[in-house]
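# Structural overview for review
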Amino acid sequence: MPELPGTERVGFFTDTSVCIGCKACEVACKEWNLVPEDGLELTGMSYDNTGSLGASTWRHVAFIEQNKPLGGQQAHRTHEAHENMDVLALAAQGSATPVAEAAVTPTTPGAPTPDGRTELRWLMASDVCKHCTHAACLDVCPTGALFRTEFGTVVVQQDVCNGCGYCVPACPYGVIEQREGDGRAWKCTLCYDRLGAGQEPACAKACPTDSIQFGPLDELRERAAQRVARLQETGVPDARLYGADPDDGVGGGGAFFLLLDEPEVYGLPPDPQVTTRDLPRMWRHAGLAALMLLGGVAAVCTRTHRRSR
Amino acid sequence: MSEARVTRHGLEGERPGRDALFGNGTDGQLAGVGGSGKRRGGERRMVPQAEFSSYYGQPVLKIPAWQAKDIAGYLFFGGLAGAGSTLAAAAQFTGHPATARALKFSSLGAISLSTVALVHDLGRPERFLNMLRVAKPTSPMSVGSWILAAYGPAAGLAAASAATGLLPRLGTAATLAAGGIGPTVAAYTGVLLANTAVPAWHEGHRELPHLFVASAAVAAAGMALLVGPRAENTPARRLALLATGAELLATRSLVTSAGIAGETYQQGRPGRLLTTAKRLALLGTAGAALLAGRSRPAAALSGAALLAASAATRFAVFHAGLASARDPKYTVLPQRLRLRAAGADAPGGAG
């Protein structure tokens, strides 16, 4: 447990390469923050039955099943060994072949690679609010219910939230959501109450593999850079950091990730932008449009005036 | 039944597995459009073969919980009120007193309905007052709340003075104020929608304010034709012509500038609504130009058609936004292309 970081900006580094999909983070978050249950449904999406982040899901573990070799393997399968095999002739043998003599049965696992791994790979990743440096939800909140804390995180003051729902479509990650029957918007607070008491967030505390790491953001970024470099060296070329770059469209996330595939595979946008970046241009266009209306109405009336008199 | 056939060269016609698609295939190919990206029917693609993947076809963005009646209704009534007040002020000072008077009443009615829609969306009336806790230029909703707070009373005063004949000077000042603020009431809602991550709205952020203002002018012209006397309806007929032209142009440019998400304006319910809006606007304008000067019923019918056209446009834009947020294709693909254009694809990403 790191010491209370004071006013230093803190955040999450979620290293999905060590996530085991245990969902302890989901449960710990619900328990600590008293988040209501959000339905008990089977989604059919692997082991993911929470679906996505939302008003009542502040940590969400994604499960992605892929026919993709694990790190350290060659990309292309070689078929050399089967070149001279007449599959049609083999098929003609039919199922009369005793199971013990059959080279391949329906349940025979695929050929393992030299390091003993098979082809299926399973990506698991615990998603969370990104606590963006340039947070669209915070920018567009008309009541000031969303604010930036002394820890650099983004939190909703539930007693001020007005239920307008404007933050919901503003978020480029689809994190914040209005709770049904409540109308107010809810999302991860990065356990604001725990931070104040010198505790790490519940999800990080509960994570058994340290896939979720909490700490000062600078330190986490350094640690993440080392981790991704080590993974790439040891044959996981697809390892990359997501949301760690302070120059990206949201100014970098206060929560960032080490991913093993493209962001959209995990349901994350590849290049999110804070919507308010274009706002000055929008206001200019709105001003221009308003002036054109004034001019247009004046034009249609003035000429009438002259002619009708 | 499996359609796969075993041949000498391996399996043919194999169905895709149930696994989540992944973006950078190990041999450098990107996965094709998957999940909900596939559409029925052999429609023409607006872009080259889409390359994107998604998490089980789930949306990346959250769909706004806004009800169409509340928010699209709010947009329509707000526009009608705002442009109506401007037309009322102009009409009053150019010798069209009866039209001005009628438009003041319709604007008060429209802004009241618009506020009712907003309050219904918020859930409780006092929540509207909470909107005035702060003033934030980064929040179009905050700016809009202050615009409404200034406009509403002005429109109310103008109508009250016109109805009672009391305080004529204050009434004139209120008429001018409402007429001056009116265009901002119509324009800010374009920014309100554009300043979201919803692709169909955000990608059209240059065009939406223009479209909304034009659509508001269409509604105001329609209202003036509907409630104003025939003898005074020349400005309304001209405005109908001007505003419909502007609306059709703005719509076309919105659909084009929204890129891939422009599809959502042309398909399904938004597509049907936009077609309806276009037909009604053309019908209303034709009626206004050719018949409304001679026949009162024709003027009223043309006006009603224009009002309906404006409403249909608002609903079309609203639903297109929802559709574009629902399909991860519209979120991921433009961002993918943007990254590729910038040459800053993620490490290991296939190009």
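Residues numbered from 1 in each chain as written. Chains lettered and ligands numbered in written order. Predicted model: local features only at pLDDT ≥ 70, side-chain atom pairs only at ≥ 80, totals over all residues. Heavy atoms only, no water.

### Remarks on the overall build of chain A
Here is the rule: Think of it this way: any DSSP run of H or I at least four residues long counts as a helix, any run of E at least two long counts as a strand, and we number them from the N terminus. Between buried and exposed lies partly exposed: a residue is buried under 20% and exposed over 50% of the maximum accessible area for its type, with that area taken using a 1.4 Å probe on protein chains only. Only heavy atoms enter the contact rule, under which two residues are in contact if any of them lie within 4.5 Å. Computed by Shrake-Rupley with a 1.4 Å probe, the accessible areas treat only the displayed protein chains as cover when residues are assessed.
Looking only at helices and strands, chain A has eight helices and ten strands in total. Relative to its 309 residues, chain A shows a buried fraction of 52%. Within chain A, counting contacts between residues at least 6 apart in sequence, those at least 24 apart form 68% of the total. For chain A, the accessible area works out to roughly 14,500 Å², and carbon and sulfur atoms hold 54% of it.

### A short note on the overall build of chain B
For chain B, the count of helices and strands is twelve helices and two strands. Listing every helix and strand of chain B by position from the N terminus yields β-β-α-α-α-α-α-α-α-α-α-α-α-α. The buried share among the 351 residues of chain B stands at 55%. Considering only contacts in chain B between residues 6 or more positions apart, those separated by 24 or more positions represent 73%. For chain B, the exposed surface amounts to about 14,400 Å²; the carbon and sulfur share of it is 62%.

### Topic: the sheet that holds strand β10 (residues 255-259) of chain A
All names here are of chain A. Quick note on the threshold: Here a strand pair is declared whenever DSSP counts at least two bridges between the two strands. The axes are straight lines fitted to the C-alpha atoms, using for helices just the contacting stretch, and the angles between their N-to-C directions are given from 0 to 180°.
Spatially, four strands are ordered β8-β1-β10-β9 in an open sheet, and the strand pairing comes out mixed. Strand pairing shows two members of the sheet lacking a second neighbour, β8 (212-216) and β9 (240-242), which therefore form its edges. Put simply, the sheet's adjacent strands are angled 25 degrees from each other on average, direction ignored. With four bridges connecting them, strand β1 (residues 10-15) and β10 associate as parallel partners. Bridge pairing links Phe12 to Ala255 in β10. Contacting β1, β8, β9 and β10, helix α7 (residues 217-233) runs over the sheet at an angle of about 135 degrees to β8.

### Considerations on the interface of chain B and chain A
How big an interface is tends to be expressed through the accessible area that disappears when the partners come together. For clarity, the cut-off: What counts as buried area is the accessible surface, traced by a 1.4 Å probe, that two parts surrender upon association, with contributions from both included. By salt bridge we mean one thing: a side-chain nitrogen of Lys or Arg within 4 Å of a carboxyl oxygen of Asp or Glu. In protein, a polar contact means a hydrogen-donor-capable atom and an acceptor-capable atom, both N or O and within 3.5 Å, with residues adjacent in sequence counting only if both atoms are side-chain atoms; elsewhere, any N or O pair within 3.5 Å suffices. Gly counts as polar in this scheme, as do all residues outside two lists: the nonpolar Ala, Val, Leu, Ile, Met, Phe, Trp, Tyr, Cys and Pro, and the charged Asp, Glu, Lys and Arg.
Taken together, the contact between chain B and chain A spans 82 residues of the former and 91 residues of the latter. In this assembly, chain B packs against chain A so that about 7,000 Å² is buried in total across both faces, 61% of it on carbon and sulfur atoms. Between chain B and chain A we count three salt bridges in total. A:Asp271 is the partner of B:Arg338 in a salt bridge, and the nearest nitrogen-oxygen pair spans 2.8 Å. The interface formed by chain B and chain A holds 27 residue pairs in polar contact (both at pLDDT 80 or more) in total. It is helix α5 (residues 168-194) of chain B that provides the largest number of residues to the side of chain B that touches chain A, a total of eight residues. Tallied by class, the residues present in the side of chain B that touches chain A amount to 43 nonpolar, 26 polar and 13 charged.

### Digging into the pattern of salt bridges
Two side chains bearing opposite charge may form a pair once their charged atoms approach each other closely. Throughout the structure, instances matching the rule amount to 13 salt bridges over all chains. Residues A:Glu262 and B:Arg336 are paired through a salt bridge, measuring 2.5 Å at the closest nitrogen-oxygen approach. Here A:Glu262, found in the loop between β10 and α8 (279-308), pairs with B:Arg336, found in helix α12 (residues 328-342), and the two come from separate chains. The pair formed by A:Glu262 and B:Arg336 is uniform in burial state, with each residue classed as buried.

### Points about the state of the cysteines
Residues and elements named next belong to chain A. Formally: Only a pair of cysteine sulfur atoms within 2.5 Å counts as a disulfide in this structure description.
If you walk through the whole model with that rule in mind, you get zero disulfides over all chains. Cysteine Cys22 remains unbridged, with the sulfur of Cys207 as its closest cysteine sulfur at 6.3 Å. Its relative accessible area of 42% is what places Cys22 among the partly exposed residues.

### As for the packing of α5(B) against helix α7 (residues 208-227) of chain B
All names here are of chain B. Quick note on the threshold: Our angle categories are set so that under 35 degrees counts as roughly parallel, over 145 as roughly antiparallel, 65 to 115 as roughly perpendicular, and the remainder as oblique. Crossings are assigned a handedness: left-handed for a near helix turned anticlockwise from the far helix by less than a right angle, right-handed for a clockwise turn.
Two elements in contact, α5 and α7, have axes whose closest approach is 8 Å; the angle formed by their N-to-C orientations is 140 degrees. As summarised for this structure, α5 and α7 are arranged oblique, according to the angle between their axes. The two elements α5 and α7 meet at a crossing, and its hand is right-handed. Residues Pro183, Ala186, Ala187, Thr189, Gly190, Val191, Leu193 and Ala194 of α5 form the contact with α7, whose own contacting residues are Leu208, Pro209, Phe212, Val213 and Ala216. Considered class by class, the residues forming the contact of α5 with α7 number eleven nonpolar, two polar and no charged.

### Details of α7(A)
Residues and elements named next belong to chain A. We count it as follows: Multiply 1.5 Å by the residue count of a helix minus one, and that product is the helix's expected span.
When the terminal C-alpha atoms of α7 are compared, their 24 Å separation across 17 residues agrees well with the 24 Å that a helix rising 1.5 Å per residue should span. On the buried face of α7, the contacting elements are β1, β8, β9 and β10. Trailing α7 by a residue or two, Gly235 shows a phi angle of about 95 degrees, which is positive.

### A look at helix α2 (residues 97-122) of chain B
When the terminal C-alpha atoms of α2(B) are compared, their 37 Å separation across 26 residues agrees well with the 38 Å that a helix rising 1.5 Å per residue should span. Where α2(B) terminates, the next one or two residues include B:Gly123, which has phi positive at roughly 105 degrees.

### Some thoughts on the side chain of A:Thr14
Residue and element names in this part refer to chain A. Following the sequence through the fold, Thr14 ends up in strand β1. For Thr14, a relative accessible area of 0% translates into the label buried. Only 3.5 Å separates the side chain of Thr14 from the side chain of Arg59, close enough to count as a polar contact. Beyond its immediate chain neighbours, meaning those up to four positions away, Thr14 contacts Arg59, Ser126, Ser211, Ile212, Phe256, Phe257 and Leu258.

### Considerations on the environment of A:Gly174
The residue A:Gly174 is located in the loop between α4 (167-170) and β6 (177-178) in this model. Residue A:Gly174 is classed as buried on the basis of its relative accessible area of 4%. Counting along the chain gives 123 residues from A:Gly174 to A:Gly51, while the straight-line C-alpha distance between them is 12 Å. If we skip the residues at most four places from it in the chain, A:Gly174 touches A:Leu53, B:Val60, B:Leu61 and B:Lys62.

### Considering the confidence of the model for chain B
Residues and elements named next belong to chain B. Stated formally: What pLDDT expresses is the predictor's confidence in each residue, scored from 0 to 100.
Taken over all residues, the pLDDT of chain B has a mean of 86, while the share at 70 or more is 83%. Considering only residues more than four positions removed or in separate chains, one finds that residues 16-42, a stretch of pLDDT under 50, has 69 contacts. This model gives residues 345-351 a pLDDT under 50, and the stretch forms 18 contacts once residues within four places in sequence are excluded. Per the prediction output, this complex has pTM 0.84; the corresponding ipTM is 0.84.

### Topic: the packing of α2(B) against α7(B)
The geometry of a pair of packed helices is captured by two quantities: the angle between their axes and the separation between those axes. Residue and element names in this part refer to chain B. Two elements in contact, α2 and α7, have axes whose closest approach is 9 Å; the angle formed by their N-to-C orientations is 120 degrees. With respect to α7, the axis of α2 lies oblique. In the packing of α2 onto α7, the handedness of the crossing is right-handed. Two secondary-structure elements touch here, α2 through Thr99, Ala102, Leu103 and Ser106 and α7 through Ala220, Met223, Ala224 and Val227. For the contact of α2 with α7, the class distribution of residues is six nonpolar, two polar and no charged.

### What to know about the confidence of the model for chain A
In this model, chain A carries a mean pLDDT of 86, and residues with pLDDT of at least 70 account for 81%. Every residue in residues 71-80 of chain A is under pLDDT 50, and counting partners more than four places away or in other chains gives 14 contacts.

### What about the nonpolar core?
Applicable threshold: We define a nonpolar core as any set of buried Ala, Val, Leu, Ile, Met, Phe, Trp, Tyr and Cys residues linked to one another through side-chain atoms lying within 4.5 Å.
B:Trp201, B:Leu208 and B:Tyr265 are the most contacted members of the largest nonpolar core, which totals 99 residues. When residues in this core are grouped by element, the largest group, 13 residues, is from α7(B). If sequence neighbours within four positions are ignored, B:Leu208 has contacts with B:Gly190, B:Leu193, B:Ala194, B:Trp201, B:Leu254 and B:Val317. In this structure, A:Val128, A:Val154, A:Leu217 and A:Val236 belong to the second largest nonpolar core, which totals 68 residues.

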